[in-house]
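Coordinates in review
If you want the building blocks of each chain, they are given just below.
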Amino acid sequence: MDTIIRSIDIKKIDVNVIEEASRLLKQGGLVAFPTETVYGLGADGLNPQASSKIYVAKGRPSDNPLILHIATEEQLYRVVENVSDIARKLIDSFWPGPLTIIFNKSDIVPYETTGGLDTVAVRMPEHPIAIEVIRQSDVCVAAPSANVSGRPSPTEAKHVIEDLASKIDMIIDGGKVGIGIESTIVDVTVTPPMILRPGYISKEMLEEVVGEVQVDSAIIEPLSQELKPKAPGMKYKHYAPKGSLTIYEGKQEDVVGHINQLAKEKEQQGYKVGVIATDETYDLYHAGQVVSIGNRKDERTIAQNLYGVLRSFDENGIEYIFCEAFNTEQLGVAIMNRLSKAAGYKIKNV
Ligand code: TXA
Ligand code: MG
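These numbers come from a predicted model, not from an experiment.

Quick notes on the rules
- Residues numbered from 1 in each chain as written.
- Chains lettered and ligands numbered in written order.
- Predicted model: local features only at pLDDT ≥ 70, side-chain atom pairs only at ≥ 80, totals over all residues.
- Heavy atoms only, no water.
- Near = heavy atom within 4 Å.
- Polar contact = N/O pair within 3.5 Å; in protein donor to acceptor, adjacent residues only side chain to side chain.
- Areas by Shrake-Rupley, 256 points an atom, 1.4 Å probe, with all protein chains shown as cover.
- Helix = DSSP H or I, 4+ residues; strand = E, 2+ residues; numbered from the N terminus.
- Nonpolar A, V, L, I, M, F, W, Y, C, P; charged D, E, K, R; others polar.
- Phe/Tyr/Trp six-rings, centres within 6.5 Å; stacked < 30°, edge-to-face > 60°.
- Buried < 20%, exposed > 50% of the residue type's maximum accessible area, 1.4 Å probe, protein only.
- Lys NZ or Arg CZ within 6 Å of the ring centre and 35° of its normal.

Around ligand 1, 29 residues are found, and the nearest of them are Thr 37, Asn 64, His 69, Ser 183 and Gly 233. The side chain of His 69 places a nitrogen or oxygen atom 2.6 Å from an oxygen atom of ligand 1. A distance of 2.6 Å separates an oxygen atom of ligand 1 from a polar atom in the backbone of Gly 233. Contact with the protein chains hides 98% of the accessible area of ligand 1, taken as 690 Å² for the molecule alone. At 4 residues, the largest contribution of residues to the shell around ligand 1 is made by strand E6 (residues 119-123). Grouping the constituent residues of the shell around ligand 1 by class yields 16 nonpolar, 8 polar and 5 charged.

Structural data, given as structure tokens:
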């Protein structure tokens, strides 16, 4: 299939491109577009044939449900059974924005979209291109991250092109995304509400609005037989680079010393080595391909670059990746959740 690729300047949105994308979505096609978190691969979430195409294009397991993206509250009331007081407070505080809320689904939402569940995940993105495409088409757009299943999520159109060109109808290039990791998922069908995936909106931010919030323990621990995450997608190996990634926690100087030693050893053995540093430590590393992922004083830069850095190591055929830990304030939980999964939970204290 030929994939149409169009660029949009987000300060001057070209309505012709929005119309083209909307037409394709209404006809049951697949369109990738930017959101504020990561690029999404959209299809009509109320059309089972269209939804099913997403699973084929991504190679996604069919029990892994999709998030419906909406632009108006009117669309929300089409797809959910009811909006509780807690859900209402969350919507008023965080939508549009990087928060996905789990509701009981209405009858029109097909099981192809919810992976067989009676609940549905819904989010109103805060990105002018995403919102315009959804509004213009009036489609409730099912959109997972626009990567091949298991690969790092796309934060630029070139990542989508790498993974999905010739498999989907259209890609809208709206530049680099702002946040860089996927939305926080909170389930309000249980009391107290439960975080199923950490993201930009932290537990503390949610608790300020609705009081106590619990966290699905399966999202911080290595997965085991007993511990099944409640968001089906969280059980799959994810975000993984091709090389072996290990994370090192501890005092900064100890971590730097340890990584330097390991990087040198592996290089001497003939391996290609990558090091994930920060602006603060970049100059302290002397072996391997050293990349600064961002600045510890602005943790948003770390989230923004995370997936792009993991992909860049794949491009260069890196076989061993050594990474610092990031227990930063608001985004630390989300960053470490994604990194730990990418590392297959290889986290060492030095
Ligand atoms: O930021 C985001 O959320 C991005 C952008 C494109 O909006 N989307 C995204 O979608 O990350 P995806 O499909 O990569 O991740 C959706 C996650 C999966 O872990 C899935 O299992 C979970 O949401 N999920 C969806 N519906 C659910 C439901 N009804 N109950 C529990 N978990 C659900
Ligand atoms: Mg994903």
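Having seen the structure, we can now continue with the description.
Evaluation of the coordinates by the stated rule reveals 2 aromatic pairs. Taken together, a centroid distance of 6.1 Å and an interplanar angle of 55 degrees make the contact between Tyr 248 and Phe 322 tilted. Taken together, the residues span a long stretch of sequence, with Tyr 248 in strand E12 (residues 244-249) and Phe 322 in strand E15 (residues 320-324) at a distance of 74 residues. Looking at Tyr 248, the relative accessible area reads 5%, which means it is buried. Between the aromatic rings of Tyr 271 and Tyr 320, the centroid separation amounts to 5.0 Å while the plane-to-plane angle is 75 degrees, which identifies the pairing as edge-to-face. Taken as a pair, Tyr 271 in the loop between helix H9 (252-268) and strand E13 (273-277) and Tyr 320 in strand E15 lie far apart in primary sequence, 49 residues in all. Above the ring of Tyr 111, the side-chain terminus of Lys 105 is found at 4.4 Å from the ring centroid. Over the aromatic face of Tyr 320 sits the side chain of Lys 266, whose NZ or CZ is 4.4 Å from the ring centroid.

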